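A structural walkthrough
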Amino acid sequence: MAHLIFSEAEQRELRESARAEFPGNPALAYVLENLAAEGIDLDRCCDWDELRAEAGLPDRDRSDQDPHVA
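Every value quoted in this text rests on a predicted model; they were computed, and no experiment measured them. (Residues numbered from 1 in each chain as written. Predicted model: local features only at pLDDT ≥ 70, side-chain atom pairs only at ≥ 80, totals over all residues. Heavy atoms only, no water.)

The tally for this structure, following the rule as stated, stands at two salt bridges. The salt bridge partner of R15 is E33, with a shortest N-O separation of 3.7 Å. Taken together, the positions of R15 in helix α1 (residues 8-21) and E33 in helix α2 (residues 26-38) put the pair 18 residues apart, joining distant regions of the chain. By relative accessible area, E33 is classed as partly exposed at 27%. (Salt bridge = Lys/Arg side-chain N within 4 Å of Asp/Glu carboxyl O. Helix = DSSP H or I, 4+ residues; strand = E, 2+ residues; numbered from the N terminus. Buried < 20%, exposed > 50% of the residue type's maximum accessible area, 1.4 Å probe, protein only.)

So, about the environment of N25. For N25, the location among the structural elements is in the loop between α1 and α2. Residue classification places N25 among the partly exposed positions, given a relative accessible area of 31%. There is a polar contact of 3.2 Å between the side chain of N25 and the backbone nitrogen of L28. (Polar contact = N/O pair within 3.5 Å; in protein donor to acceptor, adjacent residues only side chain to side chain.)

Now for the confidence of the model for the protein. Predicted confidence across the protein gives a mean pLDDT of 81, with 86% of residues reaching 70 or more. Of all secondary-structure elements in the protein, the lowest mean pLDDT belongs to strand β1 (residues 3-4), at 82, while helix α3 (residues 48-54) reaches the highest, 87. (pLDDT = per-residue confidence, 0-100.)

Secondary-structure assignment places R52 in helix α3. Although R52 is buried, it makes no salt bridge; D49 carries the closest opposite charge, 5.2 Å away. Non-local contacts of R52, meaning those with residues more than four positions away in its chain, are made with L57, P58, D59 and R60. (Lys, Arg positive; Asp, Glu negative; His and termini not counted. Contact = heavy atoms within 4.5 Å.)

Pasting the structure below:
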C-alpha cells in the first residue's frame, strides 16, 4: 500500500495555510487539515475519467476541446 505522508514542517505549513484560509473557505481549510494529519493514500487516487465513470457521466468528447481544460 502506497501512502504519502508529510514531514512535520510540511504538516505545520498545511495547518497554517488552513487556519489562514478558514474564514473565507472552511471546506479548503478542512481538506488541508485532513491532508496534514493523515497524508494521502495513493492506492485510492484515480484520474478524471475514472471519477466521471463512477458518477455515471459520459466520456468527454475531446475532439473539439482545449487540451488544457478538464
